[in-house]
Amino acid sequence: KEPSLKPVTQIRSAPPAGEYTIQIVTYKTKKQAEATVELLKKAGVQGFIVPQGKFFFVCAEAFSNMKEAKAKLAHFKAEGHAPPDAYIRPLKAAV
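The written sequence of each chain sets the order in which its residues are numbered from 1. In view of the model being predicted, local features appear only for residues whose pLDDT reaches at least 70, and side-chain atom pairs are presented and counted only at 80 or more, with totals across whole chains, interfaces and linings using the full set of residues. Calculated side-chain values reflect all of the structure's heavy atoms, with hydrogen atoms and water omitted.

Enquirer: How should I be thinking about the overall build of the chain in this particular structure?
Expert: When you go through the chain residue by residue, the secondary structure sums to two helices and four strands. Each helix (α) and strand (β) of the chain, taken in turn from the N terminus, gives the series β-α-β-β-α-β. Under the scheme applied here, a residue whose accessible area is under 20% of the maximum for its type counts as buried, over 50% as exposed, and between as partly exposed, the area being computed with a 1.4 Å probe on protein chains only. Residue burial in the chain is summarised as follows: out of 95 residues, 37% are buried. Pairs at least 24 apart in sequence give 71% of the contacts found in the chain among residues at least 6 apart. Counting every atom, the chain has about 6,000 Å² of accessible surface; 56% of that belongs to carbon and sulfur. What counts as a helix is a DSSP run of H or I of at least four residues, what counts as a strand is a run of E of at least two, and both are numbered from the N terminus. Only heavy atoms enter the contact rule, under which two residues are in contact if any of them lie within 4.5 Å. Only the protein chains shown count as cover for residues, and all accessible areas are computed by the Shrake-Rupley method using a 1.4 Å probe.

What follows is the structure in structure tokens.
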């Protein structure tokens, strides 16, 4: 059984449309998060920042279904674009 995932609800940067995203890393500073998004961009990966409380989540791309997200997560890990602890989470834009 897969763990229960908390939806992303406070998106302040423009994420792509979709149901799921890959959370790459979490930082305490926006500057660190922005640097990682730039590295992802240079690698051809669409990254964005999700601020939540005192943290800044760096996420990559968005997917319409879990199967698509799992395949891309495996690819990102194999290519070195995501650390071993990166994971898939629901992407729910705040209204």
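Enquirer: So what exactly am I meant to see when it comes to the environment of Glu-34 here?
Expert: Among the structural elements, Glu-34 can be located in helix α1 (residues 30–42). Its relative accessible area of 38% is what places Glu-34 among the partly exposed residues. Taking the C-alpha atoms as reference points, Glu-34 and Ile-49, separated by 15 residues in sequence, lie 7.4 Å from one another.

Enquirer: So what exactly am I meant to see when it comes to the side chain of Glu-61 here?
Expert: Residue position: Glu-61 is located in strand β3 (residues 55–63). Within the buried core, Glu-61 has no salt-bridge partner, and the shortest N-O distance to an opposite charge, that of Lys-72, equals 4.3 Å. Non-local contacts of Glu-61, meaning those with residues more than four positions away in its chain, are made with Pro-16, Tyr-20, Thr-21, Ile-22, Gly-44, Val-45, Gln-46, Phe-48, Lys-72 and Phe-76. Neither His nor the chain ends contribute to the count of charged residues, in which Lys and Arg are positive and Asp and Glu negative. The working definition used for a salt bridge is a side-chain nitrogen of Lys or Arg within 4 Å of a carboxyl oxygen of Asp or Glu.

Enquirer: Can you help me understand the sheet that holds strand β1 (residues 20–27) in this one?
Expert: Note on sheets: strands pair through backbone hydrogen bonds, and any given pair is parallel or antiparallel. Strands qualify as paired when DSSP identifies two bridges or more between them. Pairing in this open sheet of four strands is antiparallel, and the strands run β2-β3-β1-β4 from one edge to the other. Edge strands, defined here as strands with exactly one partner in the open sheet, are β2 (47–52) and β4 (87–90). Shown here is a sheet whose adjacent strand axes are inclined to one another by a mean of 45°, direction ignored. Summarising the sheet, β1 and β4 pair through four bridges and their orientation is antiparallel. Counted as the bridge partner of Thr-21 is Arg-89 from β4. Axis definition: a line fitted to C-alpha atoms, over the contacting stretch in the case of helices. Angles run 0 to 180 degrees between N-to-C directions. Its contacts with the sheet put α1 on β1, β2 and β3, and the angle it makes with β3 is roughly 25°.

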